[in-house]
Amino acid sequence: MTEDWSAPSRAANDALRAQIDGMLESFAAEKSALVDAQARATEPVTVWSADGLVRVSGTVAGVAEVHIEPDAFKRSTPESLGRSITAAITEMSTRAALAQHEALAPLTADLPDLPDLIPGVPSMKDLIAQLTPPPPPPPEPVAEAPRGLVDDSDDEEGDYFRNRSYLR
């Protein structure tokens, strides 16, 4: 009587194939979750300046819009307005980076990566690194112009434009 060696081999092959199919399905689900997280991470963030004169919208990729209130030049000086714009852009950038980090954090937790389990399989950590830009550098402090370079002894011209006297 001859033994049939194909039955155990076929069962082992089917079990291995099912295991690999399960891992590929897991990879596809993780990739889909990453794409969803990336969409959440790139949603626009809108920030108003503390004085309410400037609104900045954008994502972690950059500024999309800067809106200055129509009465900004009546309520502010150019230097103050410049600081408000800079502060609003910095705040928008920080919030966008935080939103990106929060959206991607569940995917970058201390879970084993697929290559840890199966050599040669695509890495989710590498995919995340490719899809996320590096964090922005910390903003440099905004320095005021030295007093000697700004002639603020005669502010009639500034009052003239702030008061819109030229339209009367």
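With an unreviewed UniProt entry as reference, the protein chain is termed YbaB/EbfC DNA-binding family protein, source organism Nocardia neocaledoniensis.

A. Inspection of helix 5 (residues 124–131) at higher detail. Considered for burial, the residues of helix 5 that qualify are Met124, Leu127 and Ile128. Along the long axis of helix 5, the arc covered by the buried residues comes to 100 degrees, so they all point the same way. Facing away from the buried surface of helix 5 by more than 90 degrees, the exposed residues are Ala129 and Gln130.

B. Structural context of the pattern of salt bridges. Evaluated as defined, the whole model comprises three salt bridges. A salt bridge links Asp71 to Arg75; its shortest N-O distance comes to 3.4 Å. Here Arg95 and Glu91 are joined by a salt bridge, their closest N and O atoms 2.7 Å apart. A residue pair is termed a helical-turn pair when its members lie 3 or 4 positions apart in one helix, as Arg95 and Glu91 do in helix 3 (residues 78–104) at four residues. Arg95 sits in the partly exposed class, given a relative accessible area of 43%. By relative accessible area, which is 32% here, Glu91 ends up partly exposed.

C. Local environment of a nonpolar patch on the surface. The grouping of Val63, Val66, Ile68 and Phe73 at the surface amounts to a nonpolar patch, some 320 Å² of accessible area in total. Per-element tally for the nonpolar patch: the top contributor is strand 3 (residues 62–68), with three residues. Relative to the assigned elements, Phe73 resides in helix 2 (residues 72–75). Taking the relative accessible area as the measure of exposure, Phe73 reaches 48% and is therefore partly exposed.

D. Looking closely at the pairing of strand 1 (residues 45–48). Burial of the side chains of strand 1 is restricted to one face: Val45 and Val47 are buried, whereas none of Thr46 and Trp48 on the reverse face is. As paired strands, strand 1 and strand 2 (residues 54–59) are joined by four bridges and run antiparallel to one another. Within strand 2, the residue paired with Thr46 across the bridge is Ser57. Hairpin connection of strand 1 to strand 2: five residues between the antiparallel strands, including Gly52 at a positive phi of 75 degrees.

E. Up close: the confidence of the model for the protein chain. Within the protein chain, residue pLDDT values average 77, and 71% of them lie at 70 or more. Low pLDDT, under 50, characterises residues 142–154; the stretch is placed with five contacts to residues that sit more than four places away or in other chains.

F. Main features of the nonpolar core. In this structure, Val45, Val47, Leu53, Val54, Val56, Ala72, Leu81, Ala88, Met92 and Ala96 together form the largest nonpolar core, which totals ten residues. Counting only elements with at least two residues in this core, the list comes to strand 1, strand 2 and helix 3. Listed in part, the eight residues of the second largest apolar core include Ala37, Leu104, Leu114 and Ile128.

G. Local environment of the pairing of strand 2. Where strand 2 and strand 3 come together, six bridges link them in antiparallel fashion. Paired with Ser57 across the two strands is Glu65, which belongs to strand 3. The hairpin formed by strand 2 and strand 3 contains two residues between the paired strands.

What counts and what doesn't
- Residues numbered from 1 in each chain as written.
- Predicted model: local features only at pLDDT ≥ 70, side-chain atom pairs only at ≥ 80, totals over all residues.
- Heavy atoms only, no water.
- Buried < 20%, exposed > 50% of the residue type's maximum accessible area, 1.4 Å probe, protein only.
- Helix = DSSP H or I, 4+ residues; strand = E, 2+ residues; numbered from the N terminus.
- Arc of directions from axis to C-beta.
- Salt bridge = Lys/Arg side-chain N within 4 Å of Asp/Glu carboxyl O.
- Patch = residues over 30% accessible without salt bridge, like charges linked within 9 Å, V, L, I, M, F, W, Y side chains within 5 Å.
- Areas by Shrake-Rupley, 256 points an atom, 1.4 Å probe, with all protein chains shown as cover.
- Pairing = 2+ DSSP bridges.
- pLDDT = per-residue confidence, 0-100.
- Contact = heavy atoms within 4.5 Å.
- Core = buried A, V, L, I, M, F, W, Y, C linked by side-chain atoms within 4.5 Å.

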